[in-house]
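An overview of the molecular structure
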Amino acid sequence: MLIAADKFKGSLTAVEVAEHVTAGLRRAVPGLDVAAVPVADGGDGTVAAALAAGFTRHEARVTGPTGTPVTATFALRADGTAVVEMAEASGLQHLPGGVFAPLTATTYGTGELLLAALDAGATSIVFGVGGSATTDGGAGMLAALGARFLDANGEPVGPGGGPLRDLATADLSGLDPRLARTGIVLASDVDNPLTGAKGAPAVYGPQKGADEDDVATLDAALAHYAEVLERAVGPKAAEYALAPGAGAAGGIGYGALVGLDAAFRPGIDVMLDVLGFGPALAKATFVITGEGSLDEQTLHGKAPAGVAAAARAAGLDVVAVCGRLQLPQEALDRAGIRRAYALTDLESDPARCMAEAGPLLERAAESLARDFLV
């Protein structure tokens, strides 16, 4: 049995999910051979998954999204592969008091975190983006890495996406030279462009506290930012603004594409490679995946869909565990998932379901084992 599940957000880490599923399975089938590869799709929880796969934990003190210092974690493997998660530095969880700062939240700390990975010896970086508090197009990140963004008076523009409306010149020549020797993969399940109706401000800005006026301000500021970068680095800046993934995490995807020469790949595909899922799958006869909510988003690049696709290609049955199930069986069938076991089927109260997620998951796994393995 191979357990390859993502976290249950707000309840259990991916490692804890695997532990509880294993306990439930073995209750029904004592001595069952179980392997676990906790997975993530590039968003929050990505570093934790890498650490569970044997990467070494590193910490750095960096600038949080509103300027308050925070401690951020990244993962590094002996071969020089680092996993860096932008939410560790610039995520919503680092907003003091949970107060949004849609116009001024900065990704500067993410740039500092990338520098820390380089200082620790990283020669290739999996850059997971998601869960950001920011909509600055990655300008803060690039500034921390050595770029300069100046207003008409030759002064650095302020932090965040809003002040980019005052941007007059951009200079990327001062970027840390190690970046040119480092392969960077932008791992994301978001394929939005930078601006427009499907851009970062319009689609994700409201989740970060942006009202209608803020969205308009940010969209115009990021469009202007792309125009200034086009003058600085050429036509590729305009092309990347329209590219899938440019709008990821408040446009940090755009900054990574333009400034870091990153290669965009679906986050779950990248992470399955990095976490050693392929070799584990080759030894498996049955696969269990899952995440907190199996819903329409799951079908668009989330971890369970990626795991199910790979397992189905290998000819293996896949079932899922989840906190709540919002997909009909026909949608599960299309994704290659034979059946899903939801905690809400065992406990209808959402608050209790989250508070007692571990024991409930063990009960669900025991039922799964009796249905498929006994």
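Look above for the structure.
Residues numbered from 1 in each chain as written. Predicted model: local features only at pLDDT ≥ 70, side-chain atom pairs only at ≥ 80, totals over all residues. Heavy atoms only, no water.

**Section: the packing of helix α1 (residues 14-28) against helix α15 (residues 357-372)**
Axes are the key here: two packed helices are described by the angle between their axes and the distance separating the axes. At their nearest, the axes of α1 and α15 sit 7 Å apart, and the two run at 45° to each other. Classified by the interaxial angle, the pair formed by α1 and α15 is oblique. The two elements α1 and α15 meet at a crossing, and its hand is right-handed. Residue-level inspection shows Val-17, His-20, Val-21, Ala-23, Gly-24, Leu-25, Arg-27 and Ala-28 of α1 in contact with α15, the latter providing Gly-358, Leu-361, Glu-362, Arg-363, Ala-365, Glu-366, Leu-368, Ala-369 and Arg-370. Counted by class, the contact of α1 with α15 contains 9 nonpolar, 3 polar and 5 charged residues. (Axes fitted to C-alpha atoms, helices over the stretch in contact; angles between N-to-C directions. Helix = DSSP H or I, 4+ residues; strand = E, 2+ residues; numbered from the N terminus. Parallel < 35°, antiparallel > 145°, perpendicular 65-115°, else oblique. Left-handed = near helix turned anticlockwise from the far one by under 90°. Contact = heavy atoms within 4.5 Å. Nonpolar A, V, L, I, M, F, W, Y, C, P; charged D, E, K, R; others polar.)

**What about the layout of surface pockets?**
Considered as a void within the structure, the largest pocket measures approximately 1,100 Å³ in volume. Around the largest pocket, the lining comprises 39 residues; the ones closest to its centre are Asp-41, Asp-189, Val-190, Gln-297 and Lys-302. (1 Å grid on protein atoms, 1.4 Å probe; cavity = no way out; pocket = protein on both sides within 12 Å on 5 of 7 lines; lining within 4 Å. Points joined across faces, edges and corners; volume = space filled by probe spheres on them.)

**What to know about the packing of aromatic side chains**
Counted according to the given criterion, the structure contains 3 aromatic pairs. Seen from their ring centres, Tyr-225 and Tyr-254 are 5.8 Å apart, and the 70° between their planes marks the pair as edge-to-face. Remark: Tyr-254 occurs in helix α9 (residues 248-259) and Tyr-225 occurs in helix α7 (residues 212-233); sequence separation between them is 29 residues. Residue classification places Tyr-225 among the buried positions, given a relative accessible area of 0%. Here the aromatic cluster, defined as three or more aromatic residues joined through ring pairs, consists of Phe-149, Tyr-225 and Tyr-254. (Phe/Tyr/Trp six-rings, centres within 6.5 Å; stacked < 30°, edge-to-face > 60°. Buried < 20%, exposed > 50% of the residue type's maximum accessible area, 1.4 Å probe, protein only.)

**Details of α7**
Across its 22 residues, α7 extends 31 Å between first and last C-alpha, which sits within 8% of the 32 Å expected from 1.5 Å per residue. In the core, the buried residues of α7 are packed alongside α5 (139-144), β7 (148-150), β8 (169-171), α6 (200-204), α8 (236-241) and α9. Just downstream of α7, Gly-234 is the residue with a positive phi angle, here 100°. (Expected span 1.5 Å × (residues − 1).)

**Examining the nonpolar core**
Counting residues in each nonpolar core, the largest one holds 56 residues, and the members touching the most others are Ile-125, Phe-127, Phe-149, Tyr-225 and Tyr-254. Per element, the largest residue contribution to this core is 7 residues, and it comes from α9. The next biggest cluster of nonpolar side chains, apart from the first, holds 40 residues, and it includes Phe-55, Leu-272, Ala-308 and Ile-337. (Core = buried A, V, L, I, M, F, W, Y, C linked by side-chain atoms within 4.5 Å.)

**Examining the state of the cysteines**
What the rule picks out here adds up to 0 disulfides. Cys-353 supplies the cysteine sulfur nearest to Cys-322, a cysteine that is in no disulfide, at a spacing of 9.2 Å. Classification of Cys-353 as buried rests on a relative accessible area of 6%. (Disulfide = S-S within 2.5 Å.)

Without other data, these values stay purely geometric and don't point to any function.
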